[in-house]
Amino acid sequence: MNKVFSVVLAVNIMLFIMPMDVKADNVVPPPVPIRITPPSIDFAKTYKTSSENLLYLLLSALNENNYSIEEIQFKTGSVLFKAYTKEFIASIASHDSGSSFIKIIPADNNYNFSPLLIQKLHKYIEANNNIIFKNIL
């Protein structure tokens with residue numbers, strides 16, 4: 001019995017511990033990961049409207065897409081908002097007398113997100129750019 005146990009132990013050591021050199025002609029190599037480059041995102045765009053009107057258009061676009069507005073700075077023209085679980089900063093500035101500039105970037109500088117988040121906002125602003133907001137008071 002001791003001799004049988006030694007033979008079984010020796011066979012197991014040879015099978016599992018010793019490296020085996022097995023060659024197969026039909027072995028499929030593992031797939032090479034494909035790098036997908038994201039489409040170009042327009043983080044910054046210029047619109048033919050005043051900076052104040054562009055700020056109101058942005059707030060309207062955020063509301064339309066159910067994005068959560070975290071903070072609004074009217075003096076500097078910046079808005080901190082959350083889209084799903086990611087925070088973004090939108091900055092608005094006057095470009096010249098008839099146009100203004102908006103830039104939307106992620107707050108944590110991590111650009112791993114769907115470009116649709118920003119494209120939805122730009123499409124809404126472009127579609128409603130002819131609306132002029134007026135002060136009621």
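Residues numbered from 1 in each chain as written. Predicted model: local features only at pLDDT ≥ 70, side-chain atom pairs only at ≥ 80, totals over all residues. Heavy atoms only, no water.

Visitor: Report on the nonpolar core, specifying residues and quantitative values.
Guide: In this structure, Leu58 and Phe81 are the most contacted members of the largest nonpolar core, which totals 24 residues. Of all the elements in the fold, those that place two or more residues in this core are helix 2 (51–64), strand 3 (78–83), strand 4 (86–94), strand 5 (100–106) and helix 3 (116–127). Counting residues per element, this core draws most heavily on helix 2, at seven residues. Apart from the residues lying within four places of it in its own chain, the contact partners of Leu58 are Val79, Ala90, Ile92, Ile102, Leu121 and Ile125. (Core = buried A, V, L, I, M, F, W, Y, C linked by side-chain atoms within 4.5 Å. Buried < 20%, exposed > 50% of the residue type's maximum accessible area, 1.4 Å probe, protein only. Helix = DSSP H or I, 4+ residues; strand = E, 2+ residues; numbered from the N terminus. Contact = heavy atoms within 4.5 Å.)

Visitor: How would you explain the sheet that holds strand 5 if you had to name every residue and give the values?
Guide: Strand order in the open sheet formed by five strands is 1-5-4-3-2, with antiparallel pairing between adjacent strands. Two strands lie at the open edges of the sheet, namely strand 1 (44–47) and strand 2 (68–73), each paired on one side alone. Each strand axis lies, on average, 20° off the axis of its neighbour in the sheet, ignoring direction. Pairing geometry for strand 3 and strand 4, over six bridges, is antiparallel. The partner of Val79 across the bridge, within strand 4, is Ala90. Strand contacts of helix 2: strand 1, strand 2, strand 3, strand 4 and strand 5, with the helix running at about 160° to strand 4, the strand carrying the most contacts. (Pairing = 2+ DSSP bridges. Axes fitted to C-alpha atoms, helices over the stretch in contact; angles between N-to-C directions.)

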